[in-house]
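Reading the structure
Next come the chains, spelled out residue by residue.
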Amino acid sequence: MKGRQERLLLGALGVVVAFGGCEAVSRAGLVRRSYLPPASEVVARAVELAGDSVFLEGIAATLRAWALGLALAVAIAVPVGLVLGSVPVVDAAVRAIVEFLRPLPSVALIPLVSLLLGSGTETKVALVTYASVWPILFNTIYGLGETDPLAKDTLRVFGFGRLAVLLRVELPGTAPFIAAGIRISAAVALILAVATEILAGFGEGLGIFIAQAGLATDGTRDVLAGVVWAGALGLVINGVLVWGERRLFPWTPERRGVG
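Here the residue numbers are simple positions, counted from 1 along each chain's written sequence. For a predicted model such as this one, the threshold for reporting local features is a pLDDT of at least 70, and the threshold for listing and counting side-chain atom pairs is 80 or more; totals across whole chains, interfaces and linings nevertheless cover every residue. The side-chain values count all of the structure's non-hydrogen atoms but skip hydrogen atoms and water molecules.

What follows deals with the overall build of the protein. Secondary structure elements follow DSSP: runs of H or I of four or more residues count as helices, runs of E of two or more count as strands, with numbering from the N terminus. When you go through the protein residue by residue, the secondary structure sums to 11 helices and zero strands. Along the protein, helices (α) and strands (β) appear in the sequence α-α-α-α-α-α-α-α-α-α-α when read from the amino end. Burial here depends on accessible area, computed with a 1.4 Å probe over protein chains only, as a share of the maximum for the residue type. Under 20% is buried, over 50% is exposed, and the range in between is partly exposed. Counting all 259 residues of the protein, 37% fall into the buried class. Note on contacts: a residue pair qualifies if any of its non-hydrogen atoms lie within 4.5 Å across the two residues. Of the contacts made within the protein by residues no fewer than 6 positions apart, 68% connect residues no fewer than 24 positions apart. In short, Shrake-Rupley with a 1.4 Å probe defines the accessible areas, and a residue's cover is counted only from the protein chains shown. Within the structure as shown, the protein displays about 14,500 Å² of accessible surface, and the carbon and sulfur contribution to it stands at 71%. The protein carries 21 positive and 19 negative side-chain charges, and their two centres are separated by 6 Å. Charged residues are defined here as Lys and Arg on the positive side and Asp and Glu on the negative side; His and the ends of the chain fall outside this count. To locate a charge, the coordinates of NZ of Lys, CZ of Arg, CG of Asp or CD of Glu are taken.

Here is the structure:
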């Protein structure tokens, strides 16, 4: 608990220092305000946007694409990861395909997917799903490899079959790794959702707001306010997932260390 409080205090201190630095640089005239407005004005604009129903609808559109893409990634990556991690023959057969697809940057696929699916929610969901699959998939495979072999052997000695071992030992043991993969993918998914909207340039969403503000004559403040919202959403999502991990998996070594 003490270590957690120290990290929170250090994080708050970092935010205050960054805020004060940006405010001082802008107020002192070291950088033109059209390039870097005062941080106080940016934060004030971000707060003001909370009362804009059109902006909030865009936030909701981005979060819908984020949630759908992340849910699809979990539905795909967890079963596939369990199969690849528990059946070496299948893993060897598809390893080349996985290693070929994994390095492809999701952002580079935006033009192709937009051409095939248009520029609506389908494109965002497809790209978010593709980008989010990999951390969950590899965490699932790694988690299976870390499962206690003694527990698996014990169940086999007592006559339990392969499926029973998977459900009773391997899946519970892998669950913390899957949760960590989901937390990583949640951040990736939000980045991809906003980036896809920015590159699309039309429609609705947080990225659309940022892209349109960037084209305005004096839109830097709105751009930065949109970035503040994106960062705040990412912070909240990560905080909720970390809280969920602590509640669901208190027995893991890192959680015991925190306690």
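Any Phe, Tyr or Trp ring, taking Trp's six-membered ring, that has another such ring centre within 6.5 Å forms a pair; planes under 30 degrees apart are called stacked, those over 60 apart edge-to-face, and the others tilted. In total, this model carries five aromatic pairs according to the counting rule given. Seen in terms of ring centroids, Phe-55 and Phe-209 are 4.9 Å apart; in terms of plane orientation they differ by 75°. Their pairing is edge-to-face. Of this pair, Phe-55 sits in helix 3 (residues 53–86) while Phe-209 sits in helix 9 (residues 206–215), and the two are 154 residues apart along the sequence. For the pair shown, Phe-55 and Phe-209 are each scored as buried. Through a chain of ring-to-ring contacts, three or more aromatic side chains come together here, namely Phe-55, Phe-209 and Trp-229. Geometrically, a lysine NZ or arginine CZ counts as sitting over a ring once it is within 6 Å of the ring centre and also within 35 degrees of the ring normal. The lysine or arginine in question, Arg-102, covers the ring of Phe-138, its NZ or CZ lying 4.5 Å from the ring centre.

Here the focus is the packing of helix 3 against helix 10 (residues 220–248). The convention used is that axes are lines fitted to C-alpha atoms, helices contributing only their stretch in contact, and that angles between N-to-C directions extend from 0 to 180 degrees. Between helix 3 and helix 10, whose axes approach to 13 Å, the crossing angle comes to 45°. Taken together, the axes of helix 3 and helix 10 lie oblique to each other. For the crossing formed where helix 3 meets helix 10, the hand is right-handed. Contacts between helix 3 and helix 10 involve Phe-55, Leu-56, Ile-59, Leu-63 and Trp-66 on the former and, on the latter, Trp-229, Leu-233 and Ile-237. Grouping the constituent residues of the contact of helix 3 with helix 10 by class yields eight nonpolar, no polar and no charged. Angle categories: roughly parallel below 35 degrees, roughly antiparallel above 145, roughly perpendicular from 65 to 115, and oblique for all the rest. Left-handed describes a crossing whose near helix is turned anticlockwise from the far helix by less than a right angle; the clockwise case is right-handed. When residues are sorted by character, Ala, Val, Leu, Ile, Met, Phe, Trp, Tyr, Cys and Pro go into the nonpolar class, Asp, Glu, Lys and Arg into the charged class, and all the rest, Gly among them, into the polar class.

So, on to a nonpolar patch on the surface. On the surface, a nonpolar cluster with roughly 290 Å² of combined accessible area is contributed by Val-83, Val-87, Val-89 and Val-90. On the secondary structure map, Val-83 appears in helix 3. For patches, a residue must show more than 30% relative accessible area and have no salt bridge; joins then use 9 Å for like charges and 5 Å for nonpolar side chains, namely Val, Leu, Ile, Met, Phe, Trp and Tyr. Salt bridges are defined as contacts in which a side-chain nitrogen from Lys or Arg sits within 4 Å of a carboxyl oxygen from Asp or Glu.

Further remarks concern helix 4 (residues 88–101). Expected helix span is computed as 1.5 Å times (number of residues minus one). Here helix 4 is 14 residues long and its end C-alpha atoms lie 20 Å apart, about the 20 Å a rise of 1.5 Å per residue gives. Along helix 4, the sharpest change in direction is near 50° and occurs at Val-94. We define the bend at any residue as the angle between the axes fitted to the seven residues before and including it, ending there, and the seven starting there.

Attention shifts here to the environment of Leu-192. Within the secondary structure, Leu-192 is located in helix 8 (residues 162–200). Not counting chain neighbours up to four residues away, the residues in contact with Leu-192 comprise Ser-106, Val-107, Leu-127, Val-128 and Ala-131.

In a pair of packed helices, the angle between the axes and the distance between the axes together describe the arrangement. Between helix 8 and helix 10, the least distance of the axes is 10 Å, while the angle of their chain directions is 170°. As judged from the angle between their axes, helix 8 and helix 10 are roughly antiparallel. Touching Ala-179, Ala-180, Ile-182, Arg-183, Ala-186 and Leu-190 of helix 8 are Ala-230, Leu-233, Gly-234, Ile-237, Asn-238, Leu-241, Val-242 and Glu-245, all from helix 10. Looking at side-chain class alone, the contact of helix 8 with helix 10 contains 10 nonpolar, two polar and two charged residues.

A few words now on helix 2 (residues 39–49). Within the sequence span of helix 2, burial applies to Ala-39, Val-42, Arg-45, Ala-46 and Leu-49. Viewed along the axis of helix 2, the buried residues span an arc of 125°, placing them on a single side of the element. Note that the arc is defined by the directions from the helix axis to the C-beta atoms.

For the rest of this paragraph, the subject is the nonpolar core. Definition used in this section: a nonpolar core is a set of buried Ala, Val, Leu, Ile, Met, Phe, Trp, Tyr and Cys residues joined via side-chain atoms within 4.5 Å. In terms of nonpolar packing, the biggest core is built from 27 residues, with Phe-55, Trp-66, Leu-206 and Trp-229 touching the most fellow members. Only helix 2, helix 3, helix 5 (110–117), helix 6 (121–145), helix 8, helix 9 and helix 10 provide two or more residues apiece to this core. Beyond its immediate sequence surroundings of up to four residues, Phe-55 is in contact with Leu-49, Leu-206, Phe-209 and Trp-229.

The next thing to look at is the pattern of salt bridges. As enumerated under the stated definition, the model contains eight salt bridges in all. Here Glu-204 ties to Arg-64 by a salt bridge, and the two come within 3.9 Å at their closest N and O atoms. Of this pair, Glu-204 sits in the loop between helix 8 and helix 9 while Arg-64 sits in helix 3; the two residues are 140 residues apart in sequence, bridging distant segments of the chain. Judged by its relative accessible area of 43%, Glu-204 is partly exposed. Among the ionic pairs, Arg-102 bridges to Glu-99, the shortest N-O distance being 2.8 Å. Residue classification places Arg-102 among the partly exposed positions, given a relative accessible area of 37%. Owing to a relative accessible area of 30%, Glu-99 belongs among the partly exposed residues under this scheme.

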